[in-house]
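# Notes for the structure review
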Amino acid sequence: MNEEEWEEEEHLVVVKLQGVIDNEFLYRCESSNCRLLGIDTDEPVLQIGNYTFLGEFKESLGTHVLFEELESNDSSESKQLKYRYKTTKTLEMTRAFLVEKGEEKEKKNEQTPGPSSDAQEHQEQEHIEE
């Protein structure tokens, strides 16, 4: 593909982070600490420092309107805002906790109890009635 055939497309999306996360960390975070993987897939992954999020795209019920806060020279408490963008797309992301493959299998085996004696009795009773 040569440069003449190259086409760039831009989509604005509001990212909604859910899960345990330190808000102060986000305010101090720099873009160099953020990685968005698989943006063109059904389940993109966002990494912000040591935090990992899995997401899915959703249409908003309404329109998200985004503003930029303007710097003010006066000392009044009122803030001036400037309209920047609008979008109806939301990327809802939930915090993911990564575990090693071996640990995952061990935890599943520990959490999967065998059938209870009540359930076994019920199954045996149904078998007898047939």
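Model, not experiment: these values are computed from the prediction. (Residues numbered from 1 in each chain as written. Predicted model: local features only at pLDDT ≥ 70, side-chain atom pairs only at ≥ 80, totals over all residues. Heavy atoms only, no water.)

### Considering the environment of Lys 89
What counts here: Secondary structure counts use DSSP, requiring at least four H or I residues in a row for a helix and at least two E residues in a row for a strand, with both numbered from the N terminus. Only heavy atoms enter the contact rule, under which two residues are in contact if any of them lie within 4.5 Å.
Within the secondary structure, Lys 89 is located in strand E5 (residues 80–96). In this structure, the C-alpha to C-alpha distance between Lys 89 and Leu 61, residues 28 residues apart in sequence, is 9.4 Å. Leaving out residues up to four positions away in the same chain, Lys 89 has contacts with His 11, Leu 12, Val 13, Val 14, Lys 58, Glu 59, Ser 60 and His 64.

### Points about a nonpolar patch on the surface
In plain terms, the rule: Patch building starts from residues that exceed 30% relative accessible area and form no salt bridge, then joins like charges within 9 Å and nonpolar side chains (Val, Leu, Ile, Met, Phe, Trp, Tyr) within 5 Å. Note on areas: Shrake-Rupley with a 1.4 Å probe; residue coverage comes only from the protein chains shown. A side-chain nitrogen of Lys or Arg and a carboxyl oxygen of Asp or Glu constitute a salt bridge if their distance falls within 4 Å.
A surface patch of nonpolar side chains, about 410 Å² in accessible area, is lined by Val 65, Phe 67, Leu 81 and Tyr 83. Mapped by element, the contributors of at least two residues to the nonpolar patch are strand E4 (51–70) and E5. Along the chain, Val 65 falls in strand E4.

### Looking at the sheet that holds strand E2 (residues 34–37)
Rules: If DSSP finds at least two bridges between two strands, the strands pair. All axes are obtained by fitting lines to C-alpha atoms, using only the stretch in contact for helices, and the reported angles, taken between N-to-C directions, cover 0 to 180 degrees.
Taken together, 5 strands build an open sheet; the order of strands is E1-E5-E4-E3-E2 and the sheet is mixed. Both outer strands of the open sheet, strand E1 (14–18) and E2, are each paired with one neighbouring strand and no more. Each strand axis lies, on average, 35° off the axis of its neighbour in the sheet, ignoring direction. Pairing between strand E3 (residues 45–48) and E4: 4 bridges, direction antiparallel.

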